[in-house]
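# Summary of the model geometry
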Amino acid sequence: MAGYVGDRLPPMQKRLIDAVAAIPGVESVGLTDALLLNDAHGSDVFRDGTSDLRPSNAATNAYLYHISPEYLHAERTTLLSGRPFTWHDNQNSPRVAVVNREFARKIFSSVENAIGGYYKMPDGTRLQVVGIAEDGKYGKLTEDPQAAVFLPILQWPSNSNWMVVRPTGDPQQLGEVIRRTLRQLDPGLPLQIEKRYDEMAIVLFPSQMASLTLGVMGGMGAMLAVTGIFGMAAYSVSKRLRELRIRVALGAQRKEVLRAALGRAFKLLAWGSAAGLLLGILATRVLAVIVYQATPRDPLVLSGVVLAMALLGLVATWIPARRALSVNPMILLREE
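What comes next concerns the included structure. (Residues numbered from 1 in each chain as written. Predicted model: local features only at pLDDT ≥ 70, side-chain atom pairs only at ≥ 80, totals over all residues. Heavy atoms only, no water.)

### Some remarks on the overall build of the protein chain
- Broken down by element type, the protein chain carries eleven helices and nine strands.
- Counting contacts in the protein chain only where the partners sit at least 6 residues apart, residues at least 24 apart contribute 74% of the total.
- On the protein chain, roughly 19,100 Å² of surface is accessible, and the fraction owed to carbon and sulfur atoms is 59%. (Helix = DSSP H or I, 4+ residues; strand = E, 2+ residues; numbered from the N terminus. Contact = heavy atoms within 4.5 Å. Areas by Shrake-Rupley, 256 points an atom, 1.4 Å probe, with all protein chains shown as cover.)

### Describing the environment of Tyr 119
- Within the secondary structure, Tyr 119 sits in strand E6 (residues 118–120).
- For Tyr 119, a relative accessible area of 0% gives the class buried.
- Distance in space between the C-alpha atoms of Tyr 119 and Val 45 is 7.1 Å, their sequence separation being 74 residues. (Buried < 20%, exposed > 50% of the residue type's maximum accessible area, 1.4 Å probe, protein only.)

### A closer look at the environment of Thr 168
- Positionally, Thr 168 belongs in the loop between strand E9 (162–167) and helix H5 (171–185).
- For Thr 168, a relative accessible area of 58% corresponds to the exposed category.

### Looking at the packing of helix H1 (residues 9–21) against H5
- Viewed as axis vectors pointing N to C, H1 and H5 meet at an angle of 145°, and their least axial separation amounts to 10 Å. For the pair H1 and H5, the sense of crossing is right-handed. Between H1 and H5, the residues in contact are Met 12, Arg 15, Leu 16, Ala 19 and Val 20 and Ile 178, Thr 181, Leu 182 and Leu 185, respectively.
- Taken together, the residues of the contact of H1 with H5 sort by class into seven nonpolar, one polar and one charged. (Axes fitted to C-alpha atoms, helices over the stretch in contact; angles between N-to-C directions. Left-handed = near helix turned anticlockwise from the far one by under 90°. Nonpolar A, V, L, I, M, F, W, Y, C, P; charged D, E, K, R; others polar.)

### Side note on the pattern of salt bridges
- Going through the model one piece at a time under the given rule, you end up with six salt bridges.
- In this structure, Asp 48 and Arg 126 form a salt bridge, with 2.7 Å as the shortest nitrogen-oxygen distance. With Asp 48 in the loop between strand E2 (41–47) and strand E3 (60–67) and Arg 126 in strand E7 (residues 126–133), this residue pair connects regions lying 78 residues apart in the sequence.
- Take Asp 48: its relative accessible area is 27%, and that puts it in the partly exposed class.
- Exposure remark for Arg 126: the relative accessible area of 44% places this residue in the partly exposed category.
- Notably, a salt bridge pairs Asp 52 with Arg 54, separated by 2.6 Å at the nearest N-O pair. (Salt bridge = Lys/Arg side-chain N within 4 Å of Asp/Glu carboxyl O.)

### Overview of H5
- With 15 residues, H5 should cover 21 Å at 1.5 Å per step; its first-to-last C-alpha distance of 21 Å lies within 8% of that length.
- Within the sequence span of H5, burial applies to Leu 174, Gly 175, Ile 178, Thr 181 and Leu 182. All buried residues of H5 project into a common sector of 130° when viewed along the axis, lining one side. Residues of H5 that are exposed and point over 90 degrees away from its buried face: Gln 173, Arg 180 and Gln 184.
- Contacts from the buried residues of H5 go to H1, strand E1 (26–32) and E9. (Expected span 1.5 Å × (residues − 1). Arc of directions from axis to C-beta.)

### Side note on the side chain of Asp 33
- Within the secondary structure, Asp 33 is located in the loop between E1 and E2.
- A polar contact of 2.7 Å, which involves the side chain of Asp 33, links it to the side chain of His 66. (Polar contact = N/O pair within 3.5 Å; in protein donor to acceptor, adjacent residues only side chain to side chain.)

### What about a nonpolar patch on the surface?
- The grouping of Phe 205, Met 209, Leu 212, Val 216 and Met 220 at the surface amounts to a nonpolar patch, some 490 Å² of accessible area in total.
- For Val 216, the position within the fold is in helix H7 (residues 201–239). (Patch = residues over 30% accessible without salt bridge, like charges linked within 9 Å, V, L, I, M, F, W, Y side chains within 5 Å.)

### Side note on the environment of Thr 60
- Of note, Thr 60 is situated in strand E3.
- Linking Thr 60 and Gly 42, residues 18 residues apart in sequence, is a C-alpha distance of 10.0 Å.
- Sequence-distant contacts of Thr 60, defined by excluding residues within four places in its chain, comprise Ser 43, Asp 44, Val 45, Lys 106, Ile 107 and Ala 147.

### A few points about the nonpolar core
- Counting 19 residues, the largest nonpolar core has Phe 103, Tyr 119, Val 149 and Leu 151 as the members making the most contacts within it.
- Broken down by secondary-structure element, the contributors of at least two residues to this core are E3, strand E5 (96–100), helix H3 (101–108), helix H4 (111–114), E7 and strand E8 (148–152).
- Counting 18 residues, the second largest nonpolar core, distinct from the first, contains Ile 67, Tyr 71, Leu 72 and Phe 150. (Core = buried A, V, L, I, M, F, W, Y, C linked by side-chain atoms within 4.5 Å.)

### Examining the pairing of E5
- Within E5, five of the five residues are buried, which leaves it mostly tucked inside the rest of the structure.
- The two faces of E5 match: Val 96, Val 98 and Asn 100 on one face and Ala 97 and Val 99 on the other face are all buried.
- Here five bridges tie E5 to E7, and the two strands are oriented parallel to one another. The partner of Asn 100 across the bridge, within E7, is Ala 133.
- By the bridge criterion, two bridges tie E5 to E8 in an arrangement that is antiparallel. Bridged to Val 98 within E8 is Phe 150. (Pairing = 2+ DSSP bridges.)

### Notes on the packing of aromatic side chains
- For the structure on display, the rule yields four aromatic pairs.
- When the ring of Tyr 65 is compared with that of Tyr 138, the centres are 6.0 Å apart and the planes differ by 45°; the resulting orientation is tilted. Of this pair, Tyr 65 sits in strand E3 while Tyr 138 sits in the loop between E7 and E8, placing them 73 residues apart in sequence.
- Judged by relative accessible area, which is 3%, Tyr 138 ranks as buried.
- Seen in terms of ring centroids, Phe 103 and Tyr 119 are 5.0 Å apart; in terms of plane orientation they differ by 65°. Their pairing is edge-to-face. Note that Phe 103 is positioned in helix H3 and Tyr 119 in strand E6, a separation of 16 residues in sequence.
- Phe 103 gets classed as buried once you look at its relative accessible area, which sits at 0%.
- The residue whose ring lies beneath Arg 95 is Trp 156, and the NZ or CZ to ring-centre distance is 5.8 Å.
- Arg 126 extends its terminal NZ or CZ atom over the ring of Tyr 118, reaching a point 3.9 Å from the ring centre. (Phe/Tyr/Trp six-rings, centres within 6.5 Å; stacked < 30°, edge-to-face > 60°. Lys NZ or Arg CZ within 6 Å of the ring centre and 35° of its normal.)

And the structure:
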């Protein structure tokens, strides 16, 4: 929207939003100067009583977005308390902001204290918090909760915007209709229409590749573990094969022979599972940084992994143990 500056910009932005919102199949639409997980930038923020606005005195650094009304709804960002922006939040009205829960916690100690409170920008502008939004992901998927600020686009105009459209139908067909609608308003308007998930492909790629790589490595690790347990159990049984068959010949029960054959293997399996569980808990700290929604110490995942490896270990030890009972012990005694 490089051709629209000054007083011409807000009316044109309003016409664009109204035109797209009127298209059948559009649930909500909003404008923003930066997309989540893409090109957001941060700004130092200061508590209201701060007079020295040097960066060293900043209370925190927050992601900064300039948005239109309905943008939060289009992004499915829930407003926890307060009010959203309206078209009356313009250059002639007091400066206001919607902040997320993490911002409210860092600057005002709680969500309740934030509504109606004031803070300062680096240029000394004093803003009043009128709404609290839920926390989101702003820089990367695996980040800890970060402070974020949303400001009315009419009070902070920008001629480079993204239009976020929430469809109810097929987004591919809707994209062509949006293109024609915007061209009718201004044929010279630069346009680039993308599906949100396609646009986020670069952001998701590292997590997807990490998940795939870790999955392959986990499968190879399980195969090596089963092979090792099988080899250890087979060697242990082969060294005691004569003893075990003599026990059978002397009348030992089947379960007693199996216990003697598998006892050492079971002990190693138990110790190995305990060590693997401990190392797995430590590894989840690294995994949570790489893979989206990988929760450290997830009891369901950890117990499932231990159970799966225990079952694989039992199968691997059961096969060589059966060798101890497969041959008639009288044959071995006659050979001796």
